[in-house]
Amino acid sequence: MKRGGSSKKAGFASFLSGLKRVNVGWFPEGAGRLTREDFTLLPLHELVLYPHTVVPIFITAHDGIAAVDEALRRDNRLFAACLRKREPAYPDIEEPWPVGTVVRVIQHLRLPDNTFRIVLQGEYRGRIVGMERRDDYSLVKVEPIDSGFFANPPLPEDVALMRAVQRSFTQYAELSKKIGSETLLAVERTESPERLANLVCNSMQLKPEKKIELLAVSGATERLVAILETLERENEIYGIQKNISGKVRSRMEKHQREYYLHEQLKEINKELGKDKVEDEFGELEKQIAQKNPPAEVLAKAGKEIGRLRKLQALSPEAGVLRGYLEWISDLPWSNYSADSGDLEEAQKILDEDHYNMRKAKDRIVEFIAVRRLLDGAAMTAVKGPILCFVGPPGTGKTSLGKSVARALGRRFVRISLGGLRDEAEIRGHRKTYVGALPGKIIQSMRKAETMNPVIMLDEIDKLSSDFRGDPASALLEVLDPEQNAGFTDHYLEVTYDLSRVLFITTANSLHSIPYPLLDRMEIIDIPGYGENEKLAIAKQFLVPKALMENGLAAARVTFTDDALRGITRYWTMESGVRSLEREIARCIRRIARQAVAAGYSTQENKTTGENVIDIVNNADNAAALCKPIGEYRKIIKSEGLEKLLGRRKYKNDVVFKEARVGVSCGLAWTETGGAILPVESTRFAGNGELIMTGNLGDVMKESARTALSYLRSVQDNYRFQLINIGKTDFHIHVPEGAIPKDGPSAGIAIAASLLSTLCQKPLRAGIAMTGELTLTGRVLPIGGLKEKLLAAIRNGMEKVLLPADNHSEWDELDKDIRVAIAVEFVENAAQAFALLFDKDIVHKKNSR
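Since this is a predicted model, take the numbers as computed values, not measurements.

This part covers the environment of Met 357. Locating Met 357 in the fold gives a position in the loop between α11 (343-353) and α12 (358-373). Separated by 38 residues in sequence, Met 357 and Thr 395 place their C-alpha atoms 9.5 Å apart.

Below is the structure:
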């Protein structure tokens, strides 16, 4: 059956004449009641008819012709049902869908080949409840599908639903461009839900299965909701298709335009006689060969250039390959910078830039000496060391790396690793990814342009890791002298030699660095600066730098030693000199302001040749004569610091100057330097409980329990002022509870505090102590010795008790520290207690 064109006005007129008004909906005569009727079956292929529509079709099948003949003999009505798709197992059997439409033949014409051209008018929907096969056609019993009714008058919800369907259908018509204006007008004007549903379903371009699904829905509200959902989905699909089509069209237009311009350029070059353009691929291959890379790299580059020659110039893959080959040609493959072999010059450069740092400077000078003993091929075979500068912030680790490069005569490149969490940042991305690049190591080699630069991996202890990989694991190959000669970047896909690179890493702490990575590096400790060292650094580096940066280099501005010490003690609290530099610069900015206000300037009057000050907001003073800045003199003393810097920011650590029972003075190490760690303890009746406060960590709590257990084990040796230690509770507190504290080195200080509480005797004043205490009373060595001693000196301690095993480290300290404070080395707690207490705490039978 095929659809044909015909005028619908006569069909609609005859159709409307056979309808009656029932409430609000339109129903055909006789369909107001759910009565079953018998009709001849008109089978249709891929065609679904709806009520309220007039459709011309051709009838060519034998059973269809027989059905029309029987309908014309009866009452001109048939039941039009779409046939299901044939099953593969039964290709000869065609079965109709159980739902369809009762239609009336309003026009028919028998053609010479005995086929029919008929015009059908849909009346109402029905469902097959029985079927009987006759000679050439089928007779079906049909039950009308209940269409339901809206209330009279219709509810607001029903009116809103109809308007939503009409609005969505209007949008569908605009997007599909396949709906006639007459149909759109009929949909907009209809007030019947059944008629609206039938007109919309008949006009939509849907698959037969979906149309039959909408035809079978009973109930006006339910059917309109189903139609509205279908309309919204189709509108969304049309919108996506329109968006995709626009993008594709835009892309095609861009490519066509580029191709057109490219062809035009070729013709212009041809007319100008420039058609014999030099082969860019040959030039690229020549550039790579000039870098003298290994045979593996030459073979890889030749293969990629061969692929590039076969590709279109504007293709995406050609752009990827061209970028890859440019990276190959830009990298240094055999270019080495000449190292300086002058040991005295290298030592001079290192001393000019940094104060002290003896260990780091000695290691660099040793490296230069080894290279000087080798020459020729053997010299280039010296592998670069992997150094790790560890120390508090602001101690000059990063700037020391720059000085090392200057002393060696090498290029310097810095890579910040702080917060790095993607392994691809080290090894690069594979070039098949969009926007792929080599990792930071290869990028640094390209920037350095030599095979033996100094590469600083800054803040290596701040590396992170997540689902994208672990950068620390990727660095294992980079920082291994036995492996980095064959480092492979994912982007390059060829090995690259990093064995001549001098890698320097920096860290504030070693605790967060994985052990396999730490094992590959040579650790060089950069300790914090003492007060005398800060004084020397300020006078030698910080003050001249601040004067230069603030325009007072020609002025005679000086700081007294007491002023610089005052800034260090009361306006900074750090191991490095970063805050000290800021405070000195703040002082000098205030002085610069005072100098300008006093009439000093570096500008010259063009008329008189004398210095003048240009005060923009005061025209009378603009031409006034000024004094040259070179005549300005200022001496900054400690008494005037508060006028320049404001009130003091810091004070000395919490220290009890007078002797008190249960109070001892420990020493602590922090990332900003050393600090005094007072320990307080008291006792009261209880059940032998130990209370610990002051934000203590687990290790420090264990040290407190160990100290109490040790004292219980030696209670017969000391005069404890209590009868039963098991019926006594002890409370240990470390002041400044907002600050977390942990570590084992406070063990001896906790034990001394508890012993003072047990004996009710105060410790000797002015003595600080540090050391880990074991259960048998041994005092074990500690770390951060220099920082702890500096804290003791800063807070006016007279003596410090140290573990005996730290004696060798004491001997390596600077002389000014060893002169500034007295120390006593102890091997066990008994020796420490003998120095801390009077002899009357010891039983006579145990005294010697």
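And the narrative resumes.
Once that is clear, we can look at the pattern of salt bridges. Pairing of side chains with opposite charge becomes possible as their charged atoms draw close. Applying the stated criterion across every chain, the model contains 41 salt bridges. Its salt-bridge partner being Asp 69, residue Arg 110 comes within 2.5 Å of it at the nearest N-O pair. With Arg 110 in strand β7 (residues 99-110) and Asp 69 in helix α2 (residues 62-73), the pair connects residues that are 41 residues apart, well separated along the chain. The salt bridge involving Lys 440 is made with Glu 425; its shortest N-O contact spans 3.9 Å. With Lys 440 in helix α16 (residues 440-448) and Glu 425 in helix α15 (residues 424-427), the pair connects residues that are 15 residues apart, well separated along the chain. The class for Glu 425 is partly exposed, based on a relative accessible area of 30%. Salt bridges linked by common partners bring Lys 300, Glu 304, Arg 307, Glu 317, Lys 431 and Glu 493 together as one network.

All right, on to the sheet that holds strand β16 (residues 522-525) then. Ordered by their spatial adjacency, 5 strands build an open sheet running β11-β12-β15-β10-β16, and the pairing between neighbours is parallel. Each having just a single partner strand, β11 (412-416) and β16 make up the two edges of the open sheet. The mean angle between the axes of side-by-side strands here comes to 25 degrees, regardless of whether they run parallel or antiparallel. Examined bridge by bridge, strand β10 (residues 386-390) and β16 share 4 bridges and lie parallel to one another. Note on β16: the bridge partner recorded for Val 390 is Asp 525. Packed on one face of the sheet, α12 meets β10 and β16 and runs near 140 degrees to β16. Against the sheet, α16 touches β11 and β12 (454-458), its axis set at about 155 degrees to β11.

Attention shifts here to the pairing of β10. By the criterion of burial, β10 is predominantly enclosed, with 5 of the 5 residues buried. Side chains Ile 386, Cys 388 and Val 390 of β10 all project onto a buried face; the interleaved residues Leu 387 and Phe 389 project onto the opposite face, where all are buried too. Where β10 and strand β15 (residues 502-507) come together, 5 bridges link them in parallel fashion. Note on β15: the bridge partner recorded for Leu 387 is Ile 504.

With that settled, consider the side chain of Ser 329. For Ser 329, the position within the fold is in helix α10 (residues 316-330). Engagement of the side chain of Ser 329 in a polar contact is seen with the backbone oxygen of Glu 326, the distance being 2.9 Å.

Turning to the side chain of Ser 703, a few remarks are in order. Along the chain, Ser 703 turns up in helix α24 (residues 698-713). Take Ser 703: its relative accessible area is 9%, and that puts it in the buried class. Filtering out sequence-adjacent residues up to four positions away, Ser 703 remains in contact with Gly 743, Pro 744, Gly 747 and Ile 750.

This brings us to the packing of aromatic side chains. All chains considered together, the criterion is met by 8 aromatic pairs. Ring geometry for Tyr 718 against Phe 833: centres 6.0 Å apart, planes inclined by 80 degrees, an arrangement best described as edge-to-face. Of this pair, Tyr 718 sits in the loop between α24 and β24 (728-733) while Phe 833 sits in helix α29 (residues 829-836), and the two are 115 residues apart along the sequence. Each member of the pair, Tyr 718 as well as Phe 833, is classed as buried. Centroid distance Trp 810 to Phe 825: 6.4 Å. Interplanar angle 75 degrees. Geometry classified as edge-to-face. With a gap of 15 residues between them, Trp 810 in helix α27 (residues 807-811) and Phe 825 in strand β29 (residues 822-826) connect regions that are remote in the sequence. Judged by relative accessible area, Trp 810 falls into the buried class, the value being 10%.

Glancing now at a negative patch on the surface. There is a patch of like negative charges on the surface, built from Asp 525, Glu 809, Asp 811 and Glu 812. By the element assignment, Asp 811 lies in helix α27.

Turning next to the confidence of the model for the protein chain. When pLDDT is low, close inspection of the predicted coordinates is not appropriate. Summing up the model confidence of the protein chain, the mean pLDDT is 82 and the portion of residues at 70 or higher is 88%. Segment residues 274-278 is flagged for pLDDT under 50; beyond a separation of four residues in sequence, or across chains, it makes 4 contacts in the model. Confidence drops under pLDDT 50 across residues 376-380; counting only partners more than four residues distant or on other chains, this segment forms 4 contacts.

For helix α9 (residues 295-309), spanning 15 residues, the distance from its first C-alpha to its last is 21 Å, which sits close to the expected 21 Å at 1.5 Å a residue. Within α9, burial applies to Val 297, Lys 300, Ala 301, Glu 304, Ile 305 and Leu 308. Within α9, the buried residues cover an arc of 135 degrees as seen down the axis, which keeps them to one side. In α9, the exposed positions angled more than 90 degrees off the buried face are occupied by Ala 295, Ala 299 and Lys 303.

All right, on to the nonpolar core then. Judged by nonpolar contacts, the single largest core of 56 residues is most densely connected at Leu 552, Phe 559, Ile 567 and Ile 584. Look past the residues within four positions of Phe 559 in its chain and what remains in contact with it is Val 543, Leu 564, Ile 567, Ile 584, Cys 587, Ile 588 and Ile 636. Counting 49 residues, the second largest nonpolar core, distinct from the first, contains Ile 305, Leu 420, Ile 442 and Leu 479.

For the rest of this paragraph, the subject is unusual backbone geometry. With a phi angle near 65 degrees, Asn 76 is a residue other than glycine that sits in the positive phi range. Mapped onto the secondary structure, Asn 76 falls in the loop between α2 and β6 (77-82). For Asn 76, a relative accessible area of 27% gives the class partly exposed. One non-glycine residue, Gln 760, lies in the positive phi region at around 60 degrees. Positionally, Gln 760 belongs in the loop between α25 (747-759) and β25 (767-769).

With that settled, the discussion passes to helix α5 (residues 193-203). Residues separated by three or four positions in an α-helix point in the same direction, a consequence of the helix having 3.6 residues per turn. Buried residues dominate α5, accounting for 11 of its 11 residues. Considered for burial, the residues of α5 that qualify are Pro 193, Glu 194, Arg 195, Leu 196, Ala 197, Asn 198, Leu 199, Val 200, Cys 201, Asn 202 and Ser 203. Measuring from the side-chain oxygen of the N-cap residue of α5 to the backbone nitrogen of Glu 194 gives 3.4 Å; that N-cap residue is Ser 192.

Conventions we followed
- Residues numbered from 1 in each chain as written.
- Predicted model: local features only at pLDDT ≥ 70, side-chain atom pairs only at ≥ 80, totals over all residues.
- Heavy atoms only, no water.
- Helix = DSSP H or I, 4+ residues; strand = E, 2+ residues; numbered from the N terminus.
- Salt bridge = Lys/Arg side-chain N within 4 Å of Asp/Glu carboxyl O.
- Buried < 20%, exposed > 50% of the residue type's maximum accessible area, 1.4 Å probe, protein only.
- Pairing = 2+ DSSP bridges.
- Axes fitted to C-alpha atoms, helices over the stretch in contact; angles between N-to-C directions.
- Contact = heavy atoms within 4.5 Å.
- Polar contact = N/O pair within 3.5 Å; in protein donor to acceptor, adjacent residues only side chain to side chain.
- Phe/Tyr/Trp six-rings, centres within 6.5 Å; stacked < 30°, edge-to-face > 60°.
- Patch = residues over 30% accessible without salt bridge, like charges linked within 9 Å, V, L, I, M, F, W, Y side chains within 5 Å.
- Areas by Shrake-Rupley, 256 points an atom, 1.4 Å probe, with all protein chains shown as cover.
- Lys, Arg positive; Asp, Glu negative; His and termini not counted.
- Charge placed at Lys NZ, Arg CZ, Asp CG, Glu CD.
- pLDDT = per-residue confidence, 0-100.
- Expected span 1.5 Å × (residues − 1).
- Arc of directions from axis to C-beta.
- Core = buried A, V, L, I, M, F, W, Y, C linked by side-chain atoms within 4.5 Å.

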